[in-house]
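The residues making up each chain are set out below.
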Amino acid sequence: GQNIDQPTEMTATEGAIVQINCTYQTSGFNGLFWYQQHAGEAPTFLSYNVLDGLEEKGRFSSFLSRSKGYSYLLLKELQMKDSASYLCAGTLYGGATNKLIFGTGTLLAVQP
Amino acid sequence: DVKVTQSSRYLVKRTGEKVFLECVQDMDHENMFWYRQDPGLGLRLIYFSYDVKMKEKGDIPEGYSVSREKKERFSLILESASTNQTSMYLCASSSGQGSYEQYFGPGTRLTVT
């Protein structure tokens with residue numbers, strides 16, 4: 001089956017940089033999403049990589065290597081409001097529509 | 001902006017009750033999804049629908065059914081609620097036209113006692 005692995009928890013300091021890694025089995029996945037989810041709220045879209053390389057969006061960047069089954073989310077100039085779960089999700093071809101397969105999420109705690 | 005709404009934020013039901021969770025999206029999206037989210041297990045797909053009256057099982061369909069009579073509405077039904085169905089339920093939709101991005105509703109926290 002398709003597995004997506006990411007660390008369960010991370011801690012970082014306000015103002016610092018943190019990298020959240022995600023690895024997956026390469027067969028079947030077309031691209032990779034990152035979502036942010038604050039406690040008690042819905043996941044919200046951060047980024048989508050379908051080509052290898054780095055995509056930068058302000059303080060957030062996302063990287064994908066399809067051949068290695070590896071992605072990361074890079075958060076710069078961390079703010080307290082960045083404390084949230086970060087979900088990695090692979091897009092899977094198949095059937096009548098395309099599904100997302102989610103990792104279990106990485107809970108990031110930003111400390112002062 | 002895409003808006004996905006769910007009928008309740010919090011719901012408490014008794015074991016054996018029939019439970020309906022409603023989801024509505026306002027962007028004419030083809031695809032709709034129901035997930036449950038549990039600590040340590042992440043988001044798991046229960047059912048999805050790619051068109052009106054069409055549905056497919058996800059990874060954990062047991063104990064659930066769905067209904068999609070209109071394009072904008074996707075209902076999740078627990079025929080006979082059990083305590084192991086206590087969870088956060090999230091609905092999502094996507095356009096299905098070359099776009100994989102899913103837009104999520106606010107979630108329903110269901111407690112079965």
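The structure reproduced in this document is the subject of the present report. (Residues numbered from 1 in each chain as written. Chains lettered and ligands numbered in written order. Predicted model: local features only at pLDDT ≥ 70, side-chain atom pairs only at ≥ 80, totals over all residues. Heavy atoms only, no water.)

1. Focus on the state of the cysteines
And then number 1: Scanning the entire structure with this criterion turns up 2 disulfides over all chains.
And then number 2: In this model, Cys22 of chain A is linked to Cys88 of chain A through a disulfide, with the two sulfur atoms separated by 1.9 Å. In this structure, the disulfide formed by Cys22 of chain A and Cys88 of chain A twists by about -70° around the S-S bond and is classed as left-handed. One end of the pair, Cys22 of chain A, is in strand 3 (residues 18-24); the other, Cys88 of chain A, is in strand 9 (residues 84-92), with 66 residues separating them in the sequence. Note on accessibility: Cys22 of chain A and Cys88 of chain A belong to one class, buried.
And then number 3: Put simply, Cys23 of chain B and Cys91 of chain B are joined by a disulfide, and their sulfur atoms are 1.9 Å apart. The chirality of the disulfide connecting Cys23 of chain B with Cys91 of chain B is left-handed, given an S-S dihedral of about -75°. One end of the pair, Cys23 of chain B, is in strand 3 (residues 19-25); the other, Cys91 of chain B, is in strand 9 (residues 87-94), with 68 residues separating them in the sequence. (Disulfide = S-S within 2.5 Å. Helix = DSSP H or I, 4+ residues; strand = E, 2+ residues; numbered from the N terminus. Buried < 20%, exposed > 50% of the residue type's maximum accessible area, 1.4 Å probe, protein only.)

2. Re the environment of Ser49 of chain B
Residues and elements named next belong to chain B.
And then number 1: Along the chain, Ser49 falls in strand 5 (residues 42-51).
And then number 2: In this structure, the C-alpha to C-alpha distance between Ser49 and Asp38, residues 11 residues apart in sequence, is 22 Å.
And then number 3: Contact partners of Ser49, with chain neighbours within four places excluded, come to Glu30, Asn31, Met32, Met54, Lys55, Arg68 and Phe74.
And then number 4: A distance of 2.9 Å separates a polar atom in the side chain of Ser49 from the backbone oxygen of Asp51. (Contact = heavy atoms within 4.5 Å. Polar contact = N/O pair within 3.5 Å; in protein donor to acceptor, adjacent residues only side chain to side chain.)

3. Description of the pairing of strand 6 (residues 54-57) of chain B
Residue and element names in this part refer to chain B.
And then number 1: Pairing between strand 5 and strand 6: 3 bridges, direction antiparallel. Looking at strand 6, one finds that Tyr47 is bridged to Lys57.
And then number 2: Between the antiparallel neighbours strand 5 and strand 6 lie 2 residues, among them Lys53 with a positive phi of about 65°. (Pairing = 2+ DSSP bridges.)

4. Focus: the pairing of strand 11 (residues 108-112) of chain B
Residues and elements named next belong to chain B.
And then number 1: The side-chain alternation of strand 11 yields one buried face, formed by Thr108, Leu110 and Val112, and one unburied face, formed by Arg109 and Thr111.
And then number 2: Across 4 bridges, the pairing between strand 2 (residues 10-13) and strand 11 is parallel. Bridge assignment links Tyr10 to a residue of strand 11, and that residue is Arg109.
And then number 3: Alignment of strand 9 against strand 11, held across 3 bridges, turns out to be antiparallel. In the sheet register, Tyr89 faces strand 11, and the bridge partner there is Thr108.

5. Quick word on the sheet that holds strand 7 (residues 64-70) of chain B
All names here are of chain B.
And then number 1: The strand order 1-3-8-7 describes an open sheet built from 4 strands, whose pairing is antiparallel. Bordering the open sheet on either side are strand 1 (4-6) and strand 7, each of which pairs with just one other strand. Adjacent strand axes in the sheet meet at a mean angle of 20°, parallel and antiparallel pairs treated alike. (Axes fitted to C-alpha atoms, helices over the stretch in contact; angles between N-to-C directions.)

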